[in-house]
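Descriptive structure summary
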There are 2 protein chains.
Amino acid sequence: MKAAESSDFSTTPLVGCGPLIPARTTQGRGLKQQIFECIRAVGEIPRVSIAKELSVSAGSVTSLTAELIDDGLIREIEVSKRDEDSGRGRPPVSLGVQQDAGFVAGLRLSDYRHTAVIIDFAGNSLGQASEDADKLHHSFDEILVAADTVLASALADAGKSIDDLAAVGVGLPGLVDHGTGRVPWSPVIRERDTTLRETLSARIGCPVTVDNDANMVTLAELWFGAGRSLNNFASITIEHGIGMGLVLDHQIYRGAGGLGTEIGHTKVQLDGALCRCGQRGCLEAYVADYALVREAYTALNLGKSDTGLPHAILERLYEQAKQGNDSARAIFHRAGRYLALGLANIVNLFDPSLILLSGERMKYDYLYAEEVLTDMSNLILQTGRPPPRVETHAWGGLVWARGAAALALDHATKAAIKT
Amino acid sequence: MKAAESSDFSTTPLVGCGPLIPARTTQGRGLKQQIFECIRAVGEIPRVSIAKELSVSAGSVTSLTAELIDDGLIREIEVSKRDEDSGRGRPPVSLGVQQDAGFVAGLRLSDYRHTAVIIDFAGNSLGQASEDADKLHHSFDEILVAADTVLASALADAGKSIDDLAAVGVGLPGLVDHGTGRVPWSPVIRERDTTLRETLSARIGCPVTVDNDANMVTLAELWFGAGRSLNNFASITIEHGIGMGLVLDHQIYRGAGGLGTEIGHTKVQLDGALCRCGQRGCLEAYVADYALVREAYTALNLGKSDTGLPHAILERLYEQAKQGNDSARAIFHRAGRYLALGLANIVNLFDPSLILLSGERMKYDYLYAEEVLTDMSNLILQTGRPPPRVETHAWGGLVWARGAAALALDHATKAAIKT
């Protein structure tokens, strides 16, 4: 730590040492892209409503939607009459996405199951696949093979080939650098700092975009779920790890350097429980599935022969807790208390209007749900306002892959739209 | 926690349930304001450099600077020749802020000392004052009187009266809602949810703007200090409490609801040490001055008669630590370890390019500085990149008030500029 010279600024006037105003980042989306996104979001929408929605002139909408029709991205849809009193004049026309304008795939690579979906440019699901992982940790080569396999299965299910795809989105846990496409660390890949995007893209011959899997769920919530009308919310995923996605100003916030919002690895105890990242005291080491599983060995008197994938052991622990096994209940109880602490920290730092909890673990949430909310309320600063809303979304496993597909869709349609 | 119906989204197509694109927030600053800020930041700058700096046409700069001159906010300055070879043609002219266009005050109300500064629109300091607080907690009425007193002293020092002020900025610790001007909770005000801005403004007859005092230091760093060339950084203040200001995209981020970035009250230990906010396990309860002071009573064998303001006891503790008192050293050591944990959590969540540490405590930092940096590096996720830079700024007490004055200046000049 280098200490600057102690000063009150009192020897120098404030003027002359201030900032040059730096160029602000622009929103980075052209109006044509915004119009396309509006049509995709709503499904079917007349031109006049687009103009109103985006506060732009009818003329701009007319000329840009004409270009989008020429590009083959959208089409006119004659709206069926809903009442009898019409019948004269021009039939009302809406715009919709040209479904077969393109197709994308979304993949989620995880600890114990890889999933994939194929969707068209309008967001319709055409096929899906799910492959159990045969182990928790993969070499980089193995994860590439696993990605190939689950993608091929989903393509087969959709009756499509790899050549039909405009882009592939891939989500996985850990530190994933969306900007560079590298993976500095992931619990599912043994090697560090792998070039996932580049390698996978060359291998399957299609543009690839990668991101942290919690951001995938967040994107699914933002595009299709509870977050679609919100400017800001936090999405926390609890499965084999703890993930977080944060939406600020209707966009995913990834931290200034692209590798932030790692709530699972914030420290909640000095010299605390060992985390699979190799450090001690991470929130994840008290709340994630693997943290519960390792205590389950004690609570359930399991021996070395009781091996199996974590979710099977967790299922047994849950059964025991329901049947009144105090040790099993204590494990869920402590996890709930730490979860409350983690949520309270999110509130104290980001002050979001909504927190969404999801991930497979949430199917056990009734064991501790009420306590978690009460604990959280007691651990946030008392602002005089009610605590933020907390919603649990027990989505099935495919929501992750659908979020990855949304990322791919975003990428592919931006590339397709000539601005 | 209300659980949504379990679903894979598989029964509904993704289309039709997406977001209507919400209106984005605009940058909210007109070009005229940007030009004025550019001139204020640089001190003296020719028109052509402003156009280059802001990437706008020379014509726009010419017409808007003419308006600013008419408004009395800026003036032309003939630049003195620096070399001999000139002498022909039009003399070079720069623009500078019209210093006496207006004056503002900045106040910081704190646990043990209230400070105030008076500056002109160009940022030059004209006067200052510092008043020791006679107690740590004030009633709302007492804090209003304290604000009056220190403001009057600073005005007297500057040879100005309250009628000369265009605005007053006030910073204080705790939960301060910049948007509404209310103070839901502050350690220096006994009552909760006080209407500080409104009451003070009516009392002194001048527009008032309020904010958390850590944001004031952050603003001072952003406008006049190490942050002026950075798009993002975190500023942590350690005194009687732990404050945090976060800059994202060259603007102070206050959390979605306006009361975020409360790092001092994130929980780092379940059921941990008691914090003055009334909760347990807050980072502040291990790192802030008051946390050290209460342990000092044990380390220094102090009795009930050893009363005094916290910083005096802290000074004694520091002396003992320097002289080798193991208990005293252990207190600083633990505070340093928790500080490292807090900094690591900031890195894991916000991934900033720079962390600035400031506040009076930092004068003791050599006791644990190296250890803190090493600990922090060991507690952040290993991304393959070096950890962010950490700088210690042992500013004197007036930097807080100067930040408050910057906030007032921002407020006042925005009001003065007719857009």
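Computed from a prediction, not measured in an experiment: that's the story for all the values here. (Residues numbered from 1 in each chain as written. Chains lettered and ligands numbered in written order. Predicted model: local features only at pLDDT ≥ 70, side-chain atom pairs only at ≥ 80, totals over all residues. Heavy atoms only, no water.)

What follows deals with the overall build of chain A. Summing up its helical and strand segments, chain A has 12 helices and 16 strands in all. By the burial criterion, 58% of the 419 residues in chain A qualify as buried. Put simply, 62% of the contacts in chain A that link residues at least 6 apart link residues at least 24 apart. (Helix = DSSP H or I, 4+ residues; strand = E, 2+ residues; numbered from the N terminus. Buried < 20%, exposed > 50% of the residue type's maximum accessible area, 1.4 Å probe, protein only. Contact = heavy atoms within 4.5 Å.)

Here we take up the confidence of the model for chain A. Detail in the predicted coordinates should be disregarded across regions flagged by low pLDDT. Residue and element names in this part refer to chain A. Scored by pLDDT, chain A comes out at a mean of 86, with 89% of its residues at no less than 70. pLDDT under 50 marks residues 1-28. Its contacts with residues more than four places away, or in other chains, come to 80 contacts. Interface predicted TM-score (ipTM) for the complex: 0.85; the corresponding pTM is 0.86. (pLDDT = per-residue confidence, 0-100.)

Attention shifts here to the pairing of strand β7 (residues 125-132) of chain B. Pairing of strand β6 (residues 113-120) of chain B with β7(B), which is carried by seven bridges, proceeds in the antiparallel orientation. The residue of β7(B) that forms the bridge with B:R113 is B:D132. (Pairing = 2+ DSSP bridges.)

In this section: the pattern of salt bridges. All names here are of chain A. Enumeration according to the criterion identifies 42 salt bridges over all chains in this entry. With a closest N to O distance of 3.2 Å, D193 and R182 form a salt bridge. Of this pair, D193 sits in the loop between β10 (182-185) and α5 (196-204) while R182 sits in strand β10, and the two are 11 residues apart along the sequence. A residue is classified by how much of its surface remains accessible, and R182, at 34% relative accessible area, is partly exposed. A salt bridge links E295 to R334, with the nearest nitrogen and oxygen atoms 3.5 Å apart. Of this pair, E295 sits in helix α8 (residues 289-299) while R334 sits in helix α10 (residues 326-350), and the two are 39 residues apart along the sequence. Residue class for E295 comes out partly exposed when judged on its relative accessible area of 31%. Through salt bridges with shared partners, a single network forms among K32, E67 and D71. (Salt bridge = Lys/Arg side-chain N within 4 Å of Asp/Glu carboxyl O.)

Let's shift gears to the sheet that holds strand β7 (residues 125-132) of chain A. Residues and elements named next belong to chain A. Spatial ordering of the open sheet is given by β7-β6-β5-β8-β11, a layout of five strands whose pairing is mixed. The sheet is open, and its two edges are formed by β7 and β11 (208-212), each paired on a single side. Averaged over all adjacent pairs, the angle separating strand axes in this sheet is 15 degrees, with direction ignored. Examined bridge by bridge, strand β8 (residues 165-172) and β11 share five bridges and lie parallel to one another. If you follow G169 over to β11, its bridge partner there is T209. Along the sheet face, helix α12 (residues 398-416) touches β5 (103-108), β6 (113-120), β7, β8 and β11 and points at about 140 degrees away from the line of β5. (Axes fitted to C-alpha atoms, helices over the stretch in contact; angles between N-to-C directions.)

All names here are of chain B. In this fold, T115 is placed in strand β6. Assessed through its relative accessible area of 5%, T115 is described here as buried. Taking the C-alpha atoms as reference points, T115 and I236, 121 residues apart in sequence, are found 20 Å from one another. Filtering out sequence-adjacent residues up to four positions away, T115 remains in contact with G106, L107, R108, A129, S130, V150, G397, L398 and A401.

Here we come to helix α11 (residues 369-379) of chain B. All names here are of chain B. Within α11, the full set of buried residues consists of A369, V372, M376 and L379. Burial along α11 is one-sided: seen end-on, the buried residues are contained in an arc of 95 degrees. Next to the buried residues of α11 lie α10 (326-350) and β14 (389-393). (Arc of directions from axis to C-beta.)

Below, the discussion takes up the environment of A:H411. Along the polypeptide, A:H411 turns up in helix α12. Residues A:H411 and A:Q382, spaced 29 residues apart in sequence, show a C-alpha to C-alpha distance of 42 Å.

This brings us to helix α3 (residues 58-70) of chain A. All names here are of chain A. Here α3 contains 13 residues, and its C-alpha end-to-end distance of 18 Å stays within 8% of the 18 Å for a straight helix at 1.5 Å per residue. For α3, the full list of buried residues reads V61, L64, T65 and L68. Looking straight down α3, one finds its buried side chains confined to an arc of 105 degrees; they lie on one side. On its buried face, α3 sits against α1 (31-42), α2 (47-54), β3 (74-78) and β4 (93-97). Just downstream of α3, G72 is the residue with a positive phi angle, here 80 degrees. (Expected span 1.5 Å × (residues − 1).)

Moving on, we come to the sheet that holds strand β8 (residues 165-172) of chain B. Residues and elements named next belong to chain B. Sheet architecture is open: five strands sit in the order β7-β6-β5-β8-β9, paired in mixed fashion. The outermost strands of the open sheet, each flanked by one partner alone, are β7 and β9 (208-212). Between one strand axis and the next, the sheet turns by 15 degrees as a mean value, whatever way the strands run. Packed on one face of the sheet, helix α6 (residues 213-224) meets β5 (103-108), β8 and β9 and runs near 100 degrees to β9.

Attention now moves to the packing of α6(B) against helix α12 (residues 398-416) of chain B. All names here are of chain B. Where α6 meets α12, the closest approach of the two axes is 7 Å, and the angle between their N-to-C directions is 75 degrees. For the element pair α6 / α12, the angle class is roughly perpendicular. Here D213, A214, M216, V217, L219, A220, W223 and F224 of α6 lie close against α12, whose contacting residues are V399, W400, R402, G403, A404, A406, L407, L409 and D410. Of the residues assigned to the contact of α6 with α12, the class counts are 13 nonpolar, one polar and three charged. (Parallel < 35°, antiparallel > 145°, perpendicular 65-115°, else oblique. Nonpolar A, V, L, I, M, F, W, Y, C, P; charged D, E, K, R; others polar.)

With that settled, the discussion passes to the nonpolar core. A:L317 and B:L317 are the most contacted members of the largest nonpolar core, which has 125 residues in total. With sequence-adjacent residues up to four places away left out, B:L317 is seen in contact with B:L292, B:A296, B:A299, B:L300, B:A328, B:I331 and B:F332. (Core = buried A, V, L, I, M, F, W, Y, C linked by side-chain atoms within 4.5 Å.)

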